[in-house]
Amino acid sequence: MFSLGSWFPALPGLAWGWALLDALLQGLVGACAVSVLCSLLKVYLYIQCANNPERQAEKEAIAAQRPLLELLHVLVLTGVLALVGSRVAALVVLEFSLRAVSTILSLGKGAHSSQLYLLCQYSLGCGVSCGLSFLLEGAPHRSWNLALAAGLAGLLALHARRLARHVCTLYELHSRARYCGICILLLAAGHGIPRLLRNALALTFAVADLAAVELINRDFLSTGEAVRFWTPLTICYTLLVVYMQEESRQSTGRGLVFRTVVVRMGGLFILLLTVGRWTDILHIFVSLLGELWCLLRSGVLLESCWRQ
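Residues numbered from 1 in each chain as written. Predicted model: local features only at pLDDT ≥ 70, side-chain atom pairs only at ≥ 80, totals over all residues. Heavy atoms only, no water.

Peer 1: I'd like a rundown of the UniProt feature "transmembrane region" (unreviewed entry) in the protein chain, residues and numbers included.
Peer 2: In the numbering adopted here, UniProt assigns the feature "transmembrane region" (unreviewed entry) to residues 68-94, 114-136, 143-164, 227-244 and 256-275. The span residues 227-244 carries 100% helix and 0% strand; its end-to-end C-alpha distance comes to 26 Å. (UniProt positions renumbered as here; feature names shortened; annotations may be inferred. Helix = DSSP H or I, 4+ residues; strand = E, 2+ residues; numbered from the N terminus.)

This is how it looks when you write it as C-alpha cells:
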C-alpha cells in the first residue's frame, strides 16, 4: 500500500496539493460528525414532540425536510474546517471543554443537555479535526487513512440522516402499528439518545483536548514561551466562562446564543493579537463564520430545546 503522494514526483506544488486534500478530508470527517450529532438530536426531539400533543407545531417544524440544505451544510462546514488552522481549532476545543464542564457543574443533573449538544457543533468539528491531525501526524499513509475515515464518516452520516427522515415521516404510524423494528426500538429506548451522545462526546473531547494541548505546545521552543502563552489564555478563558454563566442566568433565547459566540470569538481575537500570528487572526474570523453557520442551521432544534 502506497501513499497518494508516492505515485507522483516530489514537486512543491504537488506537496501543497496533498496538504490541501488532507485538510479537506479532515474537514469532511468533522462535518460528518456534526451531521450525525444533529440527525440523532433531531430524532430525539421529534420523538419528544410526538409524545406531547401540545408540541405539534414544533414537531412539524422539525419534520420539515430540506435535503439540499443538509448537503449544503456539510459542504460549507467541510470548507470552514479545512480552512481553520490547527492552532485556532485547538483553542476552540479547549474553550468549549472548559465551558461545557462549567455548565454541567452549574446545572447539576444535566438539565438542558440537549441545548449544550447543539452548541458544541462547531467545536466538535474542530475536535475531530484536531484529533485526526495529531493521531496521523507523520503517518506514511496519511492520505489513505483520511480517505478511509472520510468514507466511514460519510456512511454514518448518511445512515443517521436516513434514520431521521424515516422517523420524521413514519414514526407515529409505525409506533402505533408496532410492525417496524426501528420505530419500536426508539419507542422503548429513544430516551437514551442523550446518554449515548453524552458518552460519545465525552470520549471525543477527551481525545481532542489532549491533541489540542500537544498541537499548541509543539510551537514553543522553551518553557518561558509556553508560560507567556498559557497564562493570558487561562485568564481569558476564565473571564469568558464567568461572563457567559452570568449572562445565561439573566437571559435566554437565540439572542443570547449569538451574543456569546461573538464575545467568545472577540476574546480569542484580542488574545491572539498579542500572543498569536497573523494567520491566527484570519482563522478566528473563519471560526466565527463556522459557529454562526452551525447555529443558523440548527435554529429549529434550538428553539425546541428551549421550550422543553
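Anyway, onward from the coordinates.
Peer 1: Mind laying out the nonpolar core, listing which residues take part and the relevant values?
Peer 2: Residues Leu-37, Tyr-46, Tyr-122, Leu-124 and Tyr-171 are the most contacted members of the largest nonpolar core, which totals 86 residues. By residue number, the principal contributor to this core is helix H1 (residues 12-50), which donates 16 residues. Beyond its immediate stretch of four places on either side in the chain, Leu-37 contacts Tyr-117, Cys-120, Gln-121, Leu-124, Leu-197 and Leu-201. (Core = buried A, V, L, I, M, F, W, Y, C linked by side-chain atoms within 4.5 Å. Buried < 20%, exposed > 50% of the residue type's maximum accessible area, 1.4 Å probe, protein only. Contact = heavy atoms within 4.5 Å.)

Peer 1: How would you summarise the packing of helix H6 (residues 121-135) against helix H9 (residues 193-217) if you had to cite specific residues and measurements?
Peer 2: The geometry of H6 relative to H9 is characterised by a closest axis approach of 8 Å and an angle of 60 degrees between their N-to-C directions. Overall, the two elements H6 and H9 adopt an arrangement that is oblique. Crossing of H6 against H9: the hand is left-handed. Contacts from Ser-123, Leu-124, Gly-127, Val-128, Cys-130, Gly-131, Ser-133 and Phe-134 in H6 reach Leu-201, Thr-204, Phe-205, Ala-208, Ala-211, Glu-214 and Leu-215 in H9. Within the contact of H6 with H9, the residues separate by chemical class into 9 nonpolar, 5 polar and 1 charged. (Axes fitted to C-alpha atoms, helices over the stretch in contact; angles between N-to-C directions. Parallel < 35°, antiparallel > 145°, perpendicular 65-115°, else oblique. Left-handed = near helix turned anticlockwise from the far one by under 90°. Nonpolar A, V, L, I, M, F, W, Y, C, P; charged D, E, K, R; others polar.)

Peer 1: Summarise the packing of aromatic side chains; cite the residues concerned and give the values.
Peer 2: With the rule as written, the count across this model stands at 2 aromatic pairs. Ring geometry for Phe-96 against Phe-205: centres 5.1 Å apart, planes inclined by 35 degrees, an arrangement best described as tilted. Of this pair, Phe-96 sits in helix H4 (residues 86-107) while Phe-205 sits in helix H9, placing them 109 residues apart in sequence. Take Phe-96 and Phe-205: they sit in the same class, and that class is buried. (Phe/Tyr/Trp six-rings, centres within 6.5 Å; stacked < 30°, edge-to-face > 60°.)

Peer 1: Tell me about the packing of helix H2 (residues 56-63) against helix H13 (residues 299-307), residues and numbers included.
Peer 2: Taken N-terminus to C-terminus, the directions of H2 and H13 make an angle of 155 degrees; their axes are 9 Å apart at the nearest point. Relative to H13, the element H2 lies roughly antiparallel. Relative to H13, the crossing made by H2 is left-handed. Residues Glu-58, Ala-61 and Ile-62 of H2 touch H13, and the partners they reach there are Val-300, Leu-301, Ser-304 and Arg-307. Looking at the contact of H2 with H13, its residues break down into 4 nonpolar, 1 polar and 2 charged.

Peer 1: Can you tell me about the pattern of salt bridges, naming the residues and giving the values?
Peer 2: Applying the stated rule across the entire model yields 7 salt bridges. Measuring nitrogen to oxygen at the nearest pair gives 3.4 Å for the salt bridge that ties Arg-142 to Asp-22. With Arg-142 in helix H7 (residues 142-177) and Asp-22 in helix H1, this residue pair connects regions lying 120 residues apart in the sequence. Classification of Asp-22 by relative accessible area gives buried; the value is 9%. (Salt bridge = Lys/Arg side-chain N within 4 Å of Asp/Glu carboxyl O.)

Peer 1: Explain H2 to me, and be specific about the residues and the numbers.
Peer 2: Taken together, the buried positions of H2 are occupied by Glu-58, Lys-59, Ile-62 and Ala-63. Along the axis of H2, the buried positions cluster into a sector of 130 degrees, meaning they face one direction only. Away from its buried face, by an angle of more than 90 degrees, H2 presents the exposed residues Ala-57 and Glu-60. (Arc of directions from axis to C-beta.)

Peer 1: Break down the confidence of the model for the protein chain for me, with residues and values.
Peer 2: For the protein chain, mean pLDDT is 80; residues scoring 70 or higher make up 87% of the total. Ignoring residues within four places in sequence, the model shows residues 1-14, a span with pLDDT below 50, making 17 contacts including any to other chains. (pLDDT = per-residue confidence, 0-100.)

Peer 1: Tell me about the side chain of Arg-264, and please be specific about residues and values.
Peer 2: Locating Arg-264 in the fold gives a position in helix H11 (residues 254-275). Take Arg-264: its relative accessible area is 3%, and that puts it in the buried class. Within the structure, Arg-264 has its side chain in polar contact with the side chain of Glu-291 (distance 2.7 Å). Apart from residues lying up to four places away in sequence, Arg-264 is in contact with Glu-95, Arg-99, Leu-240, Met-244 and Glu-291. (Polar contact = N/O pair within 3.5 Å; in protein donor to acceptor, adjacent residues only side chain to side chain.)

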